[in-house]
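What follows is each chain in one-letter form.
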Amino acid sequence: MNEINIGNRLIGDHHDVYIIAEMSANHNKNFNTAVDIIKAAKDAGADCIKLQTYTPDTMTIDCDNEYFKIKDGIWENNTLYNLYKDAYTPWEWQEALKYECDKIGIDFLSTPFDKTAVDFLEEIGVNFYKIASFEVTDIPLIKYIASKKKPIIMSTGNASFLEIKEAVDVIKSINNEQICLLKCSSSYPAIEDDMNLQTIVHLKRKFNTIVGLSDHTIGSVSAICAVALGARIIEKHFCISRDIQTPDSAFSMNYEEFKRMVKDIKAAKKSLGKVNYILSEREEKNLQFRRSIFVVENIKKGEVLTQENIRIIRPSYGIQPKYYEMVIGKKAKIDLKKGTPLTWDVIR
């Protein structure tokens, strides 16, 4: 598939890169901060703001035995339940946040983590869905989301090729072909060694879908590289400031960083252009700086052209260099002054 349609926006190879700002927990449990993030993301150039729709009870259970404790990383020693309790976006905010998005013209997207979340998002009128990396193997959830017949953006962090294939096959089995697959390294933050962005090319070829990147690295290098490899959706965590400590702030971009990334992504996409060997008007002006054959010593009429009195140098006003051996040994028809371009009409 060459493109998918989200509202009035087409996403695909022949369109601008679609940029998602992931709010996640960066609202820090403050509705007004959430609204500020939406407005800042729009101003920074994002096309879409993404939330996550869950509660701690729809994600896991309140248990602190060894199975439910996080053993390393930035959330080390926390329990899953307490992490999600700190990070979740209250459902009663979400319709109001969607309204704020609609009002300023930025798309609203959310990741549902169970069927009740899907039902809720349907009620508030979402246009498309995100499936998180860790839910790629939740086939019943994926099937339920796909049944809504709306475009699906699915991250593939931690998933094997066969797991991705199974998820894609399930979506397509109920006649939903509107799929975008995001390469992702599901560590927080991710490091460049784990990104393996060449997988983007492979995903596109194998699944014939729109491809993109859900990026948890620090900085924008991976995002720019991904665009060069064919990514047409870039998702990055976004915050007003990392000084506001949240479960996601450590690997989120602030306003200035995000704005710069958007600018660089647009420049990267423009630079890719198309297969082309026709010179632009700007390039044609610089053809003068090619080399050509010039007279480098004064030559009398009838004098033989030699390697000492003609050379291949810049600029390009004389005979092309490929004819150099052909003109060596010919004679001048007229006196030739040093610094004169050698032309066919002055030799015999």
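Residues numbered from 1 in each chain as written. Predicted model: local features only at pLDDT ≥ 70, side-chain atom pairs only at ≥ 80, totals over all residues. Heavy atoms only, no water.

### Focus on the sheet that holds strand β6 (residues 129-131)
Here comes step 1: Taken in spatial order, the 8 strands line up as β5-β4-β3-β10-β9-β8-β7-β6 in an open sheet, and their pairing is parallel. Looking along the sheet, the strands with just one partner apiece sit at the ends: β5 (107-112) and β6. The sheet shows a mean angle of 25° between the axes of neighbouring strands, direction not considered.
Here comes step 2: Pairing of strand β7 (residues 152-155) with strand β8 (residues 179-184), which is carried by 4 bridges, proceeds in the parallel orientation. Looking at β8, one finds that I153 is bridged to C180.
Here comes step 3: Contacting β3 (18-22) and β10 (233-237), helix α10 (residues 255-272) runs over the sheet at an angle of about 165° to β3. (Pairing = 2+ DSSP bridges. Helix = DSSP H or I, 4+ residues; strand = E, 2+ residues; numbered from the N terminus. Axes fitted to C-alpha atoms, helices over the stretch in contact; angles between N-to-C directions. Contact = heavy atoms within 4.5 Å.)

### Concerning the packing of helix α9 (residues 221-228) against α10
Here comes step 1: Contact geometry for α9 and α10: axes closest at 9 Å, N-to-C directions at 25°. Considering the angle they form, α9 stands roughly parallel to α10. Pair α9 / α10 crosses with right-handed handedness. Contacts between α9 and α10 involve A223, I224, V227 and A228 from the former and M261, D264, I265, A268, K269 and L272 from the latter.
Here comes step 2: Its residues assigned to classes, the contact of α9 with α10 shows 8 nonpolar, no polar and 2 charged. (Parallel < 35°, antiparallel > 145°, perpendicular 65-115°, else oblique. Left-handed = near helix turned anticlockwise from the far one by under 90°. Nonpolar A, V, L, I, M, F, W, Y, C, P; charged D, E, K, R; others polar.)

### A closer look at the environment of D64
Here comes step 1: Looking at where D64 falls in the secondary structure, it is placed in the loop between α2 (56-59) and α3 (80-87).
Here comes step 2: Its relative accessible area of 55% is what places D64 among the exposed residues.
Here comes step 3: Separated by 98 residues in sequence, D64 and L162 place their C-alpha atoms 33 Å apart.
Here comes step 4: Excluding anything up to four places from it in sequence, D64 contacts K69 and T79. (Buried < 20%, exposed > 50% of the residue type's maximum accessible area, 1.4 Å probe, protein only.)

### Quick notes on a positive patch on the surface
Here comes step 1: A cluster of basic side chains, namely K301, K331, K333 and R348, defines a positive patch on the protein surface.
Here comes step 2: Assignment of secondary structure puts R348 in the segment after α12 (324-327). (Patch = residues over 30% accessible without salt bridge, like charges linked within 9 Å, V, L, I, M, F, W, Y side chains within 5 Å. Areas by Shrake-Rupley, 256 points an atom, 1.4 Å probe, with all protein chains shown as cover. Salt bridge = Lys/Arg side-chain N within 4 Å of Asp/Glu carboxyl O. Lys, Arg positive; Asp, Glu negative; His and termini not counted. Charge placed at Lys NZ, Arg CZ, Asp CG, Glu CD.)

### Description of the side chain of T111
Here comes step 1: Mapped onto the secondary structure, T111 falls in strand β5.
Here comes step 2: A relative accessible area of 2% places T111 in the buried class.
Here comes step 3: Apart from residues no more than four positions distant in its own chain, T111 is found in contact with K50, L51, Q52, T53, K130, I131 and A132.

### Some details on the pattern of salt bridges
Here comes step 1: Considering all chains together, one arrives at 12 salt bridges under this definition.
Here comes step 2: For K29, the salt bridge is made with D86, and the minimal N-O distance between the two is 3.6 Å. Of the two residues, K29 is situated in the loop between β3 and α1 (31-44) and D86 in helix α3; the sequence distance between them amounts to 57 residues.
Here comes step 3: Taking relative accessible area as the criterion, D86 reaches 36% and is therefore assigned partly exposed.
Here comes step 4: Of the charged contacts, one joins K236 and D215 as a salt bridge, the two residues approaching to 3.1 Å between their closest N and O atoms. Of the two residues, K236 is situated in strand β10 and D215 in strand β9 (residues 210-215); the sequence distance between them amounts to 21 residues. Exposure class is identical for K236 and D215. Each is buried.

### Details of the state of the cysteines
Here comes step 1: If you walk through the whole model with that rule in mind, you get 0 disulfides.
Here comes step 2: Just so you know, C184 is unpaired, no disulfide at all, and the nearest cysteine sulfur is the one on C180, 12 Å from it. (Disulfide = S-S within 2.5 Å.)

### Regarding the nonpolar core
Here comes step 1: Formed by 65 residues in total, the largest nonpolar core has its most connected members in I49, M154, I234, F238 and F258.
Here comes step 2: Sort the elements by how many residues they give to this core and α1 lands first, with 7 residues. (Core = buried A, V, L, I, M, F, W, Y, C linked by side-chain atoms within 4.5 Å.)

### A closer look at the side chain of S249
Here comes step 1: Relative to the elements of secondary structure, S249 occurs in the loop between β10 and α10.
Here comes step 2: Setting aside its immediate chain neighbours within four residues, S249 contacts N26, R242 and I244.

### Description of unusual backbone geometry
Here comes step 1: Between Y188 and P189 the backbone carries a cis peptide bond, its omega angle lying at -5°.
Here comes step 2: As for its position among the elements, P189 is in the loop between β8 and α8 (199-207).
Here comes step 3: Along the chain, R314 connects to P315 via a cis peptide bond; the corresponding omega equals 5°.
Here comes step 4: Within the element layout of this structure, P315 appears in the loop between β12 (310-313) and α12.
Here comes step 5: In the Ramachandran plot, S24 falls in the positive-phi region, its phi being about 50° despite a non-glycine side chain.

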